Structures are given as structure tokens and as C-alpha cells.
Amino acid sequence: MLHIGCHLSFSKGFLHMGKEAVSIGADTFQFFTRNPRGGNAKTWNSDDALALRELMRNENFAPVLAHAPYTLNPCSQTPETVDFAKRAFSEDLRNLELIPEAMYNFHPGSHTGAGTERGIAMIADLLNEFVTTGTKTTVLLETMAGKGSEVGKSFEELASILSLAQAKEKIGICLDTCHVYDGGYDLRDNLEMVLEQFDRIIGLSKLRAVHLNDSKNPIGSRKDRHEKIGEGSIGIEAFAKIINHPALRNLPFFLETPNELPGYQKEIETLRALYRE
Ligand code: FE
Ligand code: FE
Ligand code: ZN
């Protein structure tokens, strides 16, 4: 069974997202914990969260993915930005206790000039301050394209963050196909080698989710511009291999392609048809 969903808007609440997912043939979804460009979280409604959990059980959902805001940057050189990162991260984790079936994904951060090594240390500090063995939610570091001063653009950088983290069993990786391709990994023509590298440097057991996006740009471009599945430089044949690969096929896949609901529905249909049961 292919576990697949897409990014949905949280504006009408949890149960609404669950129903929307079901209506487009998805069995999971992703949502922003708060406005992606910053700001405060709205209060999470615990009855609404319970209703979603019931729907997830009835519809055999895979784990859902809560995405931190893009403005969450634990390795900024601006102290106020780091303060916001800590506040948002800890608040989000507290709120997520309402939905134990959710994982929490965040962009490791941009070092804004201090250098990758310092960035890695600051990201690990955030994890070690708020993710302990008692933390309920699994936290995922997303693979990044490497635009600007982004940290997490190589498997080595992600492995360094993980190696400094204390509650290792609570921390995993979300692989974004567009980001990894833009970062220079040839998922299109050499998937096997990319996954071997991932396994050697990070360990495939750390991989917990996949963001499924085509890319508007060529390999190594470090641009991070998502394209619809099959309409970008990665291409549909590569996606057929990705969703069926033994190391990936049981993970939850999340579309973050430039689509409204009908477009997502079509992509989910296309990918389900390509999945070998
Ligand atoms: Fe992301
Ligand atoms: Fe992503
Ligand atoms: Zn992206």
C-alpha cells in the first residue's frame, strides 16, 4: 500500500484536513503548525485533534507530518531569530502531544554567515534543549537544497547534527526529492547510489518520511523550486522508481508540488497507478 498525501491548509482545523485528504485519495497529509512565514500558533483544539485521530484510525492513515514555519532558524546570527526558533519549536512540540501519530519536520536552518560548523552546533543545541528521551513526537530534519547559507544540504551535514544530538531515537530525517536533487544528488539516474550514500553516511533506518517534489531546475542548481510530479527535471520514471524502492516504499510520501486539491488528487492517482502492490 502506497502511503501518500499532500500539504494541506490548517485554516479549517484538523478534522477538515483529514476529510480533505480522504476526498483526494490520500491516507496522510502535511500541515504547517503556524503561519509558514512566522507568527504565533493559533490555539489547537483538543476535540478537533481527537476527531482527526478517530478518522485516521478508521481510514488506516499513515503518520501525518507537522511542518515547522520556514522562519524557524536555530542557527541565525540574529539572537531574536534564535529566540523565536526556540519558542516556536517548544510550543509546537507541546501542541503536538495532542496528536501522537504526527511527526514534526523542520528545516535545520541557515547559518547567515557564521559557517556551517557553527550552524550545526546551534541546531544540535536546539535539539538537545527540547528533544529528550521523554519527548512524545519524532522530530525530523529535512534535507535542504543548499540555497543561501542553508545547513543540511549534504548527508554529511545532517549526520553531524545527528551525531551531536542526545535523544537520537527521537530524531530522524525527511528526504525532499527536489532539495536533494538541487543539492547535487542524482536521484534521477543513480537512485541506488544516492541511497547507498545515505545509508553509509546517515543510515537508512533514520529515514522516516519523503517529500515528493519534482524540480524546476537542473541537478546541483541549489535553487529549491518545486515542480509538479513528472513536469520537472527529475521526471516521472524516476518517481516510479523512488516510490517502489525497497528502502522507501513503506515510508509516508508527501507532495509539496504547486497544486490545488484537484492537481494533488491527479498526482496521487498517477503515483498509485505506478506503485507495485
Ligand atoms: Fe520543508
Ligand atoms: Fe520539503
Ligand atoms: Zn522546498
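You'll find the structure just up there.
What counts and what doesn't
Residues numbered from 1 in each chain as written. Chains lettered and ligands numbered in written order. Predicted model: local features only at pLDDT ≥ 70, side-chain atom pairs only at ≥ 80, totals over all residues. Heavy atoms only, no water. Salt bridge = Lys/Arg side-chain N within 4 Å of Asp/Glu carboxyl O. Helix = DSSP H or I, 4+ residues; strand = E, 2+ residues; numbered from the N terminus. Buried < 20%, exposed > 50% of the residue type's maximum accessible area, 1.4 Å probe, protein only. Donors = N, O, S within 2.8 Å, 3.2 Å for Na, K, Ca; no water.

A.B. asks: What am I meant to see in the pattern of salt bridges here?
C.D. replies: If the charged atoms of two oppositely charged side chains come close together, the side chains can form a pair. In the structure shown here, the tally under the stated rule is 11 salt bridges. Here D27 and R272 are joined by a salt bridge, their closest N and O atoms 3.9 Å apart. Note that D27 is positioned in the loop between α1 (14–23) and β2 (28–32) and R272 in helix α9 (residues 261–274), a separation of 245 residues in sequence. Residue D27 is classed as buried on the basis of its relative accessible area, which comes to 3%. Taking the shortest distance from any N to any O, the salt bridge between E157 and K153 comes out at 2.6 Å. In terms of burial, E157 and K153 fall into one category: buried. The network of salt bridges with common partners includes R34, R87, E91 and D92.

A.B. asks: I'm lost on the coordination of the zinc ion (ligand 3) in this one. Help?
C.D. replies: Between any two of four tetrahedral donors, the ideal angle at the metal is 109.5 degrees; between two of six octahedral donors, it is 90 or 180 degrees. In this structure, H179 (NE2), D224 (OD) and H226 (NE2) serve as the protein donors to the zinc ion (ligand 3), at separations of 2.0 to 2.2 Å. As a motif over one chain, the donors of the zinc ion (ligand 3) read H-x44-D-x1-H. Between the zinc ion (ligand 3) and the iron ion (ligand 1) the interatomic distance amounts to 5.2 Å. With a gap of 45 residues between them, H179 in helix α6 (residues 177–182) and D224 in the loop between β10 (214–215) and β11 (226–227) connect regions that are remote in the sequence. Look at D224 and you get buried, because its relative accessible area is 15%.

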